Amino acid sequence: MTGEMTVAAESGGAGAARDLVGYGGAWPRLAWPNGARLAVSVNINLEEGAEWQVGDGDPASERIGEVVSVVEPGTRDMGQEQIFAYGTRAGFWRILEALRERGIPATWLCCGRAVERSPALLAALVADGHEAAVHGWRWRPHADYRSREAEAADLDRCVAVMQAAGAPRPVGFFCRGAESDWTRGLLVERGFLYTSNAFDDDLPYWDRSGERPLLVVPYALDANDMKFFHPNGFVTADAMVAYVADSLEVLLAEAERGRPRLLNLGFHLRIVGRPGRFAALTRTLDRLRALGDRIYVGTRADIARSFAASVPA
């Protein structure tokens, strides 16, 4: 593997560094487990119950929902609570059934407190053979932690709750927003296989800055149903389906030229679980099935293990 050059940042504080080169156009030689050059990762976010809510004792409620909350900070926003609750009460079962009917494996990004409140949901997705990865204790950026100890405690609490609900020990991590300066070191200490807090490549890569290498399996926010909640994003299910189709077209063409690639798709219970947006999920899943062995659809853990076997640290 070549081209992993560290480039000093022009801004961002003393000692800050950014890798703006990556593979530098010299991608590693690898094929995914079925021989395909394009891997697709389907990701479902289980966050409901872990978001900020005054009704749960937080100073303010989450602002991002079907509309931007107009309730004053410090006042309980029961409407926002119910928007999130729709995800676990209705959306979850709709999504789980769609995956089961098509035999498509997904990685579920699970907030610990959401699992603590709805452990039966985690048990159901694990029973269907999906991967459960850590999405933080709360639906919050880990960059907000002010001490290593506090972040470590929440990581451990999340893992414990997930295992108590029936999941194998998680090997993957992705939090809202960004990691802290300590996150990757904490993941290495706990034996995690990969982190996904990266938006900078179409392939996994190794972070060798810690005590041992940690695999980075990049995520993406473009082919993601959160854009239904953004004013410049998707409006209809067809808009997301078309965007994913265009992504597949470009990456398949590159894959056919021998360039390995990874496409990330992100979905949320309270967003694509709604009937008017649910078709974005089902039509996308049907498109993946129709592509057969031209693509490899696997959990993030499977993708990480496959990459690590082909491109050792």
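Everything quoted here is computed from the prediction, not taken from an experiment. (Residues numbered from 1 in each chain as written. Predicted model: local features only at pLDDT ≥ 70, side-chain atom pairs only at ≥ 80, totals over all residues. Heavy atoms only, no water.)

S.K.: Would you mind going over the overall build of the protein chain with me for this structure?
M.R.: Secondary structure summary: the protein chain contains eight helices and eleven strands in total. Structurally, the protein chain occupies a C-alpha span of about 55 × 50 × 40 Å along its principal axes. Looking at the 313 residues of the protein chain, the share that counts as buried comes to 53%. Sequence-distant contacts, at least 24 apart, represent 67% of the contacts inside the protein chain between residues at least 6 apart. About 13,600 Å² of surface is accessible on the protein chain, with carbon and sulfur atoms providing 51% of the total. Of the charged side chains in the protein chain, 35 are positive and 41 negative, and the gap between their average positions amounts to 3 Å. (Helix = DSSP H or I, 4+ residues; strand = E, 2+ residues; numbered from the N terminus. Buried < 20%, exposed > 50% of the residue type's maximum accessible area, 1.4 Å probe, protein only. Contact = heavy atoms within 4.5 Å. Areas by Shrake-Rupley, 256 points an atom, 1.4 Å probe, with all protein chains shown as cover. Lys, Arg positive; Asp, Glu negative; His and termini not counted. Charge placed at Lys NZ, Arg CZ, Asp CG, Glu CD.)

S.K.: Just to check I follow, could you spell out the nonpolar core for this structure?
M.R.: Within soluble globular proteins, side chains that are nonpolar generally end up buried alongside one another. In this structure, Val-42, Trp-108, Leu-122 and Leu-288 are the most contacted members of the largest nonpolar core, which totals 71 residues. Leaving out residues up to four positions away in the same chain, Leu-288 has contacts with Val-40, Val-42, Ile-104, Leu-248, Leu-265, Ile-295 and Val-297. Ala-39, Val-171, Tyr-205 and Tyr-296 belong to the second largest nonpolar core, which has 25 residues in total. (Core = buried A, V, L, I, M, F, W, Y, C linked by side-chain atoms within 4.5 Å.)

S.K.: Can you help me understand the pairing of strand β5 (residues 131–134) in this one?
M.R.: A regular strand places its side chains so that they alternate between the two faces of the sheet. Burial along β5 is two-sided: the face carrying Glu-131 and Ala-133 and the face carrying Ala-132 and Val-134 are both buried. Alignment of strand β4 (residues 107–110) against β5, held across four bridges, turns out to be parallel. Its bridge partner lying in β5, Thr-107 is registered against Glu-131. (Pairing = 2+ DSSP bridges.)

S.K.: Looking at this structure, I do not really get the packing of aromatic side chains. What am I missing?
M.R.: In this description, a pair of aromatic rings is defined by centroid distance and the angle of the planes. Counted according to the given criterion, the structure contains seven aromatic pairs. Joined through ring pairs, the aromatic side chains of Phe-92, Trp-93 and Trp-108 make up one cluster. Cation over ring: Lys-227 sits above Phe-234, and NZ or CZ is 5.3 Å from the ring centre. Directly above the aromatic system of Trp-27 lies the positively charged group of Arg-261, at a separation of 4.3 Å from the ring centroid. (Phe/Tyr/Trp six-rings, centres within 6.5 Å; stacked < 30°, edge-to-face > 60°. Lys NZ or Arg CZ within 6 Å of the ring centre and 35° of its normal.)

S.K.: Teacher, can you tell me more about the pattern of salt bridges here?
M.R.: Think of it this way: side chains of opposite charge can pair up when their charged atoms draw near. As enumerated under the stated definition, the model contains 21 salt bridges in all. Between Asp-56 and Arg-117 there is a salt bridge, and its shortest N-O distance comes to 2.9 Å. On the criterion of sequence distance, the pair formed by Asp-56 in the loop between β3 (38–46) and α1 (78–102) and Arg-117 in helix α2 (residues 112–117) is long-range, its members being 61 residues apart. Overall, Asp-56 belongs to the partly exposed group, its relative accessible area being 30%. Judged by its relative accessible area of 44%, Arg-117 is partly exposed. Here Glu-189 and Arg-148 are joined by a salt bridge, their closest N and O atoms 2.4 Å apart. Of this pair, Glu-189 sits in helix α5 (residues 183–189) while Arg-148 sits in helix α4 (residues 148–164); the two residues are 41 residues apart in sequence, bridging distant segments of the chain. On the accessibility criterion, Arg-148 (29% relative accessible area) is partly exposed. (Salt bridge = Lys/Arg side-chain N within 4 Å of Asp/Glu carboxyl O.)

Spatial relationships are all this shows, so hold off on functional conclusions.
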